[in-house]
Structure formats: C-alpha cells, structure tokens
Amino acid sequence: MMSSNSHDRATNRKALLSSNAFLKRFNWILLIILLFILVAMVIFFSQSTYLLQIEKVENGEILWEEEIEKNEWFAHEYIHSVEKSPVIEKFKFDSSGKILTMESWTKSFGAGLPYERKGTVEMIDGYFVIKDLNKPIHDNKLLMQPSDLFPHKFYFKDQELTLSEEPFIKNVIEIKVNELSGFERLTNLFN
C-alpha cells in the first residue's frame, strides 16, 4: 500500500507532467504562429507594388497616384497645338516594367503628329488609329506641360483627370511608374 506522502508525490508528478504537456502544446502553437508571420513577412517584403504617378517636376510633389499592375493601360487626350485636332495616345505598363506607347489616335497627319509606317493602321470613328506600336517611351516617363488653352485629359481605369486644370495646369509634369518595395509600402501605411 502506498503511503500518503508517496501518493502526494505521484499526484504532484502527474500534475507536473500534464502542465509540461500543456506548455509543449503552447510552444508548438506559438512556433506555428511565428512561422506563419515570418512567411507572410517574407512574401510581403519580396513583392513590389507599382504606382502610376503624376509628379510636378519643379519640386517632386506627387499630384496624383494610383496602383498599377503590369500590362495595364492608361491614356491621355489633348488638342494638338498646331493642327488643332484631337490626339489620343495609349500606353501600357508592360511585364518588364517599361512604359510602352501602344496606340496613337489622330484625326490628321501634320506637324508633330505620328506618320511613321509602324504598327497597323485603321480608321475608327474618324480617327487614324496606329496600333501595335510597342514603342518604349524615353526615360520611362512622359514629360509635358498642360495648358489651359485646350482640354487635356488623362485616363486610367475608370478615372478621368483634367490635366488642363489645377493642380496640373502650367506645371511641367512627369507621368511615370514608381516601384515600391515591401518596406516602402510598410512605411507608406504609417504616413
């Protein structure tokens, strides 16, 4: 027969073993949670985000920005200052990270308007449409100074910006894509 003292020791030992089992389970759960957080952080920091931006060249002020995915398109439409006819230029942010001129829509061919025999040409709604240009833009950014003399529009997804109005008007602006690392995205969340 077991003495009361040895019975107490056996009970204490069982209690100690079961508390160790709880701690072991807790440690495994904690380890799994920490591994999940680590994997999520690696994924977050390894992926880049791309921002389509309109920047004021004079001081680097970002006047407008929106996330853009590779292979998405944007466009701008303006009245040509010499020909006084509408021009639409369409661009694509391609899978290699370059901005390509893809299409040019014009009502006429004249001074400063595209006329090279590149791409395919067709007539659509009274426009000469030059498609399939796939031409990289200089320095991977569009540089312009919108005027208030004629309407100048910018299109991205379902957004339409009027570049011939404040804050864009009469400023030299750049339209470009800026790549943000995971760390930069994280710091932007807190700004």
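Right, let's walk through the structure included here. This one's a predicted model, so the numbers in the text were calculated from it and none came from an experiment.

A word on the overall build of the protein chain. Counting its regular elements, the protein chain contains two helices and 12 strands. The secondary structure elements of the protein chain, listed N-terminal to C-terminal, are α-β-β-β-β-β-β-β-β-β-β-β-β-α. Burial status across the protein chain gives 31% buried among its 191 residues. Residue pairs in contact within the protein chain that sit at least 24 positions apart in sequence constitute 53% of those at least 6 positions apart.

Our focus in this paragraph is the nonpolar core. Counting residues in each nonpolar core, the largest one holds 21 residues, and the members touching the most others are L52, I54, W64, I68, F74, F154 and I175. Where this core is concerned, the elements lending two or more residues are β1 (49–56), β2 (62–67), β4 (86–93), β9 (141–144), β10 (152–156) and β12 (173–180). The residues touching L52, leaving out its near neighbours within four places in the chain, are W64, E65, E66, I68, F74, F154, F156, I175, K176 and V177.

Charged atoms that come close allow side chains of opposite charge to pair. Applying the stated criterion across every chain yields a total of eight salt bridges. One salt bridge in this structure joins K157 and E72, with 3.8 Å as the shortest N-O distance. Of this pair, K157 sits in the loop between β10 and β11 (159–162) while E72 sits in strand β3 (residues 72–79); the two residues are 85 residues apart in sequence, bridging distant segments of the chain. Of the residues examined, K157 reaches a relative accessible area of 52% and is grouped as exposed.

This part takes up the sheet that holds β1. Within the open sheet, the four strands sit side by side as β2-β1-β12-β9. Their pairing is antiparallel. Two strands bound the open sheet, and with one partner strand each, they are β2 and β9. Put simply, the sheet's adjacent strands are angled 25° from each other on average, direction ignored. Where β1 lies against β2, five bridges are found, and the strand directions are antiparallel. Bridging from a neighbouring strand, I54 pairs with W64 of β2.

Let us now look at the side chain of K56. Within the secondary structure layout, K56 lies in strand β1. Summary of buried charges: K56 has no salt-bridge partner, and the nearest side chain of opposite charge, E58, is 4.3 Å away. Leave out the neighbours within four places in its chain, and K56 touches E61, L63, N171, V172 and I173.

This part is about the pairing of β10. Of the two faces of β10, the one lined by H152, F154 and F156 is fully buried and the one lined by K153 and Y155 carries no buried residue. The sheet contact formed by β3 and β10 spans five bridges and is antiparallel. Considered in β10, the bridge of A75 is made with Y155. Note that β10 and β11 share four bridges and pair antiparallel. When the bridges of β11 are listed, F154 appears paired with L161. Where β10 folds back on β11, the antiparallel hairpin that results is connected by two residues, among which K157 adopts a positive phi of roughly 50°.

Below, the discussion takes up the environment of E58. With respect to the element layout, E58 can be found in the loop between β1 and β2. Residues E58 and V172, 114 residues apart in the sequence, show an inter-C-alpha distance of 7.1 Å.

Turning to the environment of L163, a few remarks are in order. Inspection of the secondary structure assignment puts L163 in the loop between β11 and β12. Look at L163 and you get buried, because its relative accessible area is 0%. Spatially, the C-alpha atoms of L163 and P146 are 6.0 Å apart, while their sequence positions differ by 17 residues. Leaving out residues up to four positions away in the same chain, L163 has contacts with I54, M144, P146, H152, K153, F154, F168, I169 and I173.

Quick notes on the rules
- Residues numbered from 1 in each chain as written.
- Predicted model: local features only at pLDDT ≥ 70, side-chain atom pairs only at ≥ 80, totals over all residues.
- Heavy atoms only, no water.
- Helix = DSSP H or I, 4+ residues; strand = E, 2+ residues; numbered from the N terminus.
- Buried < 20%, exposed > 50% of the residue type's maximum accessible area, 1.4 Å probe, protein only.
- Contact = heavy atoms within 4.5 Å.
- Core = buried A, V, L, I, M, F, W, Y, C linked by side-chain atoms within 4.5 Å.
- Salt bridge = Lys/Arg side-chain N within 4 Å of Asp/Glu carboxyl O.
- Pairing = 2+ DSSP bridges.
- Axes fitted to C-alpha atoms, helices over the stretch in contact; angles between N-to-C directions.
- Lys, Arg positive; Asp, Glu negative; His and termini not counted.

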